[in-house]
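Structural description and commentary
Each chain, written out:
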Amino acid sequence: MAETTKTATLTLDGKSYDLPVHSPTLGPDVLDIRKLYAEADVFTFDPGFTSTASCESTITYIDGDKGELLHRGDSIEELAKHSHYLEVCYLLLYGELPTAAQLDDFTGRVTRHTMVHEQMHYFFRGFRRDSHPMATMVGVVGAMSAFYHDSLDISDPWQREVAAIRMIAKLPTIAAMAYKYSIGQPFVYPKNSLDYAGNFLHMCFSIPAEDYVVNPILSKAMDRIMMLHADHEQNASTSTVRLAGSSGANPFACIAAGIACLWGPAHGGANQACLEMLKEIGTVDRIPEFVAKAKDKNSGFRLMGFGHRVYKNFDPRATVMKESADEVLGLLGVDNNPLLQVAKELERIALSDDYFISKKLYPNVDFYSGIILEAMGFPTSMFTPIFAISRTVGWISQWKEMIADKNQKIGRPRQLYVGETHRSYVDVRHR
Ligand code: CMC
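Okay, so let's go over this structure. (Residues numbered from 1 in each chain as written. Predicted model: local features only at pLDDT ≥ 70, side-chain atom pairs only at ≥ 80, totals over all residues. Heavy atoms only, no water.)

**Focus: the sheet that holds strand β3 (residues 30–31)**
- Pairing is antiparallel in the open sheet, where three strands are placed in the order β1-β2-β3. This sheet does not close on itself; its edge strands, each paired only once, are β1 (3–12) and β3.
- The pairing of β1 with strand β2 (residues 15–23) spans nine bridges and is antiparallel. Counterpart to Glu 3 in the pairing with β2 is Ser 23. (Pairing = 2+ DSSP bridges. Helix = DSSP H or I, 4+ residues; strand = E, 2+ residues; numbered from the N terminus.)

**Some words on the packing of helix α7 (residues 157–182) against helix α18 (residues 383–404)**
- Where α7 contacts α18, the two axes come as close as 9 Å, and the packing angle between them is 170°. Of the possible angle classes, the one that applies to α7 and α18 is roughly antiparallel. Contacts from Arg 160, Glu 161, Ala 164, Met 167, Ile 168, Leu 171, Pro 172 and Ala 175 of α7 reach α18 at Pro 385, Ile 389, Thr 392, Val 393, Ile 396, Trp 399, Lys 400 and Ile 403.
- Split by residue class, the contact of α7 with α18 holds 12 nonpolar, one polar and three charged. (Axes fitted to C-alpha atoms, helices over the stretch in contact; angles between N-to-C directions. Parallel < 35°, antiparallel > 145°, perpendicular 65-115°, else oblique. Contact = heavy atoms within 4.5 Å. Nonpolar A, V, L, I, M, F, W, Y, C, P; charged D, E, K, R; others polar.)

**Looking at the packing of aromatic side chains**
- Taken as a whole, this structure holds 17 aromatic pairs when the rule is applied.
- For the pair Phe 123 and Phe 147, a centre-to-centre distance of 6.1 Å together with 75° between the ring planes defines the contact as edge-to-face. Taken as a pair, Phe 123 in helix α5 (residues 120–124) and Phe 147 in helix α6 (residues 133–147) lie far apart in primary sequence, 24 residues in all.
- Taking the relative accessible area as the measure of exposure, Phe 123 reaches 32% and is therefore partly exposed.
- With a relative accessible area of 19%, Phe 147 lands in the buried category.
- Looking at Arg 129, its charged tip hangs above the ring of Tyr 181, at a distance of 4.1 Å from the centre. (Phe/Tyr/Trp six-rings, centres within 6.5 Å; stacked < 30°, edge-to-face > 60°. Buried < 20%, exposed > 50% of the residue type's maximum accessible area, 1.4 Å probe, protein only. Lys NZ or Arg CZ within 6 Å of the ring centre and 35° of its normal.)

**Some thoughts on the layout of surface pockets**
- Its boundaries defined by the atoms lining it, the second largest pocket holds a volume of some 210 Å³.
- Around the second largest pocket, the lining comprises 13 residues; the ones closest to its centre are Ser 83, His 84, Lys 220, Asp 223 and Met 227.
- Among the elements of the structure, α2 (76–82) and α9 (216–228) are those that each provide at least two residues to the lining of the second largest pocket.
- At five residues, α9 tops the list of elements feeding residues into the lining of the second largest pocket. (1 Å grid on protein atoms, 1.4 Å probe; cavity = no way out; pocket = protein on both sides within 12 Å on 5 of 7 lines; lining within 4 Å. Points joined across faces, edges and corners; volume = space filled by probe spheres on them.)

**Comments concerning the pattern of salt bridges**
- Taken as a whole and judged by the stated rule, the model has 18 salt bridges.
- Of the charged contacts, one joins Glu 68 and Lys 66 as a salt bridge, the two residues approaching to 4.0 Å between their closest N and O atoms.
- On the accessibility criterion, Glu 68 (24% relative accessible area) is partly exposed.
- The exposure class of Lys 66 is exposed, given its relative accessible area of 55%.
- When salt bridges that share partners are traced, they join Asp 105, Arg 109, Glu 161 and Lys 400 into one network. (Salt bridge = Lys/Arg side-chain N within 4 Å of Asp/Glu carboxyl O.)

Here it is as structure tokens:
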């Protein structure tokens, strides 16, 4: 438990209540209101949890004002420069960067679990061909609990570990299968001689009739996209995983819940929504029309890929992703593609427009990741599944941390009830 350094006093109806104040290792102090209801008979009101810490965590730290993102203390910029996805997975899961032997062992364990139960192939066939791959993933990942009975006991650390490795290893296979199914091509089995990102590209883009060689530039870019999305503190989908897990639900069900939450356009679905918006804008001359619409509250329209709940200066992941986008598009020779021209001009206008500056709305990670994925040849419907693959390790790390936490309780928020007070039942004939 964090150190208790101070006490805050709340005065209500003439009575005072002492609230312990905990000091984190980084970030603002945290008022401990756990006993408030029992002692003062009041709740706190915080829709959207903008001022509420739901747990203690040692995994990821974000300073939204500074635009800082740390995993176990290591900055995302340094990790993006020197590390790779599976090493970051190890860091998130176990708290330290691995030694060479530990990394070898971890990579081997993940690699040996890339195939899915053969019967799952039949399970896929129950979905309509035109299902969104996220819809298929929610179903298939949830159904893993029907296939892997030997890793469902959350009280057994070994089973928790096996479930974690299984999901990290199999999510790319499941996402690629969802994609292949949606385009009517045969499933491609994983090829364990390839690295994690390369294997995913292979399963998405190779076909039995032709040889497919993974482009190392694209596989490096994919690895970076995965790394930049690996974890992000207590965001909506991670909080969903924790809340689902707090009831003791099995890990596959919890991650399926996280995938469902991620799908929304305000969260992981933003990368698809952003690319679709760029396509709708179509040409640079139409940008002012869309910017005006984004500023008009009554339009209900937002510039997708802009803004963030926590980052109010810049999104450090976006900075790295922008570099990656420039690199990949340059190398693929598509840097004068019309969509990219629209993206670049939109970025320029939004960054110099008072509305966006005053509201601290900057391009976020999804603005650039969508552009890279489009250039790689992925349809927009695969953007959010790729986010889901990448975030799985974050969800699992947070879920494991929660299960091991002795203070963990079932999540059960309260409410500010504003409905009818007591009334008498009125018979249907008199309503
Ligand atoms: N375009 C236009 N106006 C915006 C936008 C936007 N993208 N985002 C926020 N605003 C305005 C909003 O209308 C509000 O104005 P006012 O103060 O006048 O009412 C103000 O900025 C604050 O917005 P908010 O909705 O209170 O902010 P939030 O912290 O609740 O929402 C957000 C954060 C990410 C949901 C929001 O910025 C948004 O909807 N962005 C577009 C979707 C998007 O790109 N999401 C991906 C986030 S990054 C990936 C991830 O972690 O999932």
